[in-house]
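Notes for the structure review
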Amino acid sequence: MLARLEAIEGVAAAAMEGSGRFALVELAVGADVERCCHAALDLLGHGARLLSVEEAEVQRAARRRGERWYRADDALELSLLEGRIMSARISAAVASPLGLDRADAERLADEIRAVVWDFLEAVHRGELPAGRFFEAWPGLAEVVARRCAAFAPGRHEPLRAALVAQFARRS
């Protein structure tokens, strides 16, 4: 996503803070500000907006205090780390209730990681919209459940349901 932002004519650099909520787009001298803003917002998709002056100052102050903002290559690395942490957490949450032993729980974590990484890499290549993980999760959970058939035979539906429940909206 950041690489695609940097490819917009007039954009000099782009970065994102650690939570992925805020993108910084630095414009080249003489860039068409309005065109660059529209192109960036179109690329970022649903819910993207320009910050108010006050909101932007809060983010600039955080950067001045040392908060790290990530460039394109760093952002993918951070996303993959987040995917690895998520896979361990999700596996730990669902393995025991499903009766998976330690070895199978580790295999489940590996399958989750592989599927999540494929999704995240597609997002970073710009093939999928950013910010859509929770919408995509039920489909990703289905893929994980299918991939686990070899070591969790007959558990496809309970595994899929347990995985989906990890990111289900709570009322």
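Refer to the structure printed above.
Residues numbered from 1 in each chain as written. Predicted model: local features only at pLDDT ≥ 70, side-chain atom pairs only at ≥ 80, totals over all residues. Heavy atoms only, no water.

Per the secondary structure count, the protein includes 7 helices and 3 strands. Counted from the first residue to the last, the protein has its helices and strands arranged as α-β-β-α-α-β-α-α-α-α. On the principal axes, the C-alpha backbone points of the protein span a range of 60 × 35 × 30 Å. In the protein, buried positions account for 37% of the 171 residues. (Helix = DSSP H or I, 4+ residues; strand = E, 2+ residues; numbered from the N terminus. Buried < 20%, exposed > 50% of the residue type's maximum accessible area, 1.4 Å probe, protein only.)

The subject of this paragraph is the pattern of salt bridges. Summed over the entire model, instances satisfying the criterion amount to 10 salt bridges. For E57, the salt bridge is made with R64, and the minimal N-O distance between the two is 2.4 Å. The class of E57 is partly exposed, set by a relative accessible area of 31%. Here E142 and R146 are joined by a salt bridge, their closest N and O atoms 3.4 Å apart. With a gap of 4 residues between them, E142 and R146 both fall in helix α6 (residues 133-147), about one helical turn apart. In this structure, a network of salt bridges that share partners links the residues E57, R60 and R64. (Salt bridge = Lys/Arg side-chain N within 4 Å of Asp/Glu carboxyl O.)

For the rest of this paragraph, the subject is the sheet that holds strand β3 (residues 69-70). Ordered by their spatial adjacency, 3 strands build an open sheet running β2-β1-β3, and the pairing between neighbours is antiparallel. The sheet is open, and its two borders are formed by β2 (23-27) and β3, each paired with just one other strand. Sheet topology places strand β1 (residues 11-17) next to β3; 2 bridges connect them, and they run antiparallel. Residue pairing for β3: E17 is matched across the bridge by W69. (Pairing = 2+ DSSP bridges.)

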